[in-house]
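The lines below spell out each chain.
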Amino acid sequence: MPPPKKDVERHYFERFRTLLQPFPEGTVASTEEPDFLVAGSARTIGIELTELHRGTPPDQVPLQATEAMRHRVAAHAQELYVQAGHPPVRCTIFMRDFHIQKSEVEPLAAAIVGIALRNLPHPNSSTHEDYDWVNRHYFPEIINSISVHRLEVITESHFTCPGATWVPTLSSADIERTLAAKEGKYAAYRQRCDEAWLLINADIGSMSTWFDFQEGAIVGPFNTSFDRVFVMRHFGQALHELPVARPTRVQSLA
């Protein structure tokens, strides 16, 4: 099962705090809108976290949604397998490039457990089965293949669904799209802090966040209300602060 959202946010925050030196001094609190508050003696900084995903054409399902459903199927299959008391295995499921509907999660998970049991190997061995025309009555077409490993070192069952993707080149439009998605909440963030920062996370577990990073894509400046904006690349543990151009706010006269 994926870790809780707040645990993921805390992981991102701690990595950010390590990479940004010097980091503002103050008491850290995990909150909502923004995700973290750093309360210092003179000011409070709010830090909102978001993720950098590739753009999606209007007629397509976002890659992150497809990934999430595949992981949901694998997690439910693992849950069913463990609840039934079967021996610990490592089950790897390779799926074809189709989006899974919510109504398909339960039957797919049950089918995966059935295939794993059909192929349950002897101790310290592995088995593998591919979809073909002959086994289609129990092997869903959306699944390309399933491998089952039963080794002494495996003490807990683990079902995974790895994937593959092309890696697009990062563009300034990707940054601008991510900023625009958070811009409308800036005023709400500022009600709780003196400055609002935005931390954009890239190259994390989801394939939709993987980019061929080009320095030219972050030269800016980027139009945003946020006081400071950062892009953190998790694969290379690199932190980039984006140059920003904050909008001019016209104050009404009394």
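This report concerns the structure included in the present document. (Residues numbered from 1 in each chain as written. Predicted model: local features only at pLDDT ≥ 70, side-chain atom pairs only at ≥ 80, totals over all residues. Heavy atoms only, no water.)

**Points about the packing of helix α2 (residues 63–83) against helix α3 (residues 102–118)**
Remark: α2 packs on α3, axes separated minimally by 8 Å, with the N-to-C direction vectors making an angle of 50 degrees. Regarding the angle of α2 to α3, the classification is oblique. In this structure, the crossing between α2 and α3 has a hand that is right-handed. Note on element contacts: α3 touches α2 through Lys102, Val105, Glu106, Leu108, Ala109, Ala110, Ile112, Val113 and Leu117, opposite Met69, Arg72, Val73, His76, Ala77, Leu80 and Tyr81. In terms of residue class, the contact of α2 with α3 is built from 12 nonpolar, one polar and three charged. (Axes fitted to C-alpha atoms, helices over the stretch in contact; angles between N-to-C directions. Helix = DSSP H or I, 4+ residues; strand = E, 2+ residues; numbered from the N terminus. Parallel < 35°, antiparallel > 145°, perpendicular 65-115°, else oblique. Left-handed = near helix turned anticlockwise from the far one by under 90°. Contact = heavy atoms within 4.5 Å. Nonpolar A, V, L, I, M, F, W, Y, C, P; charged D, E, K, R; others polar.)

**Some words on the nonpolar core**
Residues Ile93, Ile112, Ile143 and Ile146 are the most contacted members of the largest nonpolar core, which totals 25 residues. For this core, the secondary structure elements donating two or more residues are α2, β4 (90–95), α3 and β6 (143–150). Considering each element in turn, this core owes the most residues, seven residues, to α3. Residue contacts for Ile93: discarding those within four places in its chain leaves Ala74, Ile112, Ile143, Ser145, Ile146, Phe159, Thr160, Cys161 and Pro162. Counting residues in each nonpolar core, the second largest holds 21 residues, with Leu170, Ala196, Val231 and Leu242 among its members. (Core = buried A, V, L, I, M, F, W, Y, C linked by side-chain atoms within 4.5 Å. Buried < 20%, exposed > 50% of the residue type's maximum accessible area, 1.4 Å probe, protein only.)

**Observations regarding the packing of aromatic side chains**
Centre distance and the angle of the planes are the two values used to describe a pair of aromatic rings. Scanning the entire structure with this criterion turns up 11 aromatic pairs. Considering the side-chain rings of Phe13 and Phe23, the 5.7 Å spacing of their centres and the 90 degrees angle between planes classify their relative orientation as edge-to-face. Of this pair, Phe13 sits in helix α1 (residues 5–19) while Phe23 sits in the loop between α1 and β1 (27–30), placing them 10 residues apart in sequence. Each member of the pair, Phe13 as well as Phe23, carries the same accessibility label: buried. (Phe/Tyr/Trp six-rings, centres within 6.5 Å; stacked < 30°, edge-to-face > 60°.)

**Describing the state of the cysteines**
Overall, the coordinates contain zero disulfides when judged by the stated rule. Free of any disulfide, Cys91 has its nearest neighbouring cysteine sulfur in Cys161, separated by 9.7 Å. (Disulfide = S-S within 2.5 Å.)

**Things to note about the side chain of Asn119**
Mapped onto the fold, Asn119 is located in the loop between α3 and β5 (125–130). For Asn119, the side chain forms a polar contact with the side chain of Glu129, separated by 2.8 Å. Apart from residues lying up to four places away in sequence, Asn119 is in contact with Thr127, His128, Glu129 and Val148. (Polar contact = N/O pair within 3.5 Å; in protein donor to acceptor, adjacent residues only side chain to side chain.)

**Describing the pairing of β1**
Looking at chain direction, β1 and strand β2 (residues 36–39) are connected through four bridges and run antiparallel. What sits directly across from Ala29, in β2, is Leu37. Count of turn residues in the β1/β2 antiparallel hairpin: five residues, of which Glu33 carries a positive phi of about 50 degrees. (Pairing = 2+ DSSP bridges.)

**A closer look at α3**
Here α3 spans 25 Å end to end across 17 residues, near enough to the 24 Å set by a 1.5 Å rise per residue. Turning to α3, its buried residues are Val105, Leu108, Ala109, Ala111, Ile112, Val113, Ile115 and Ala116. Where the residues of α3 are buried, they touch α2, β4, β5, β6 and β7 (158–160). (Expected span 1.5 Å × (residues − 1).)

**Focus on the pattern of salt bridges**
Under the definition given, this model contains 12 salt bridges. A salt bridge links Lys6 to Glu9; the shortest N-O distance between them is 2.9 Å. Within this pair, Lys6 and its partner Glu9 are both found in helix α1, separated by three residues, close to a single helical turn. You can call Glu9 buried: its relative accessible area is 6%. A salt bridge links Glu14 to Arg10; the shortest N-O distance between them is 3.0 Å. Here Glu14 pairs with Arg10, and both are found in helix α1, just four residues apart, close to one helical turn. When salt bridges with common partners are traced through the structure, they connect Lys5, Lys6, Glu9 and Glu32 into a single cluster. (Salt bridge = Lys/Arg side-chain N within 4 Å of Asp/Glu carboxyl O.)

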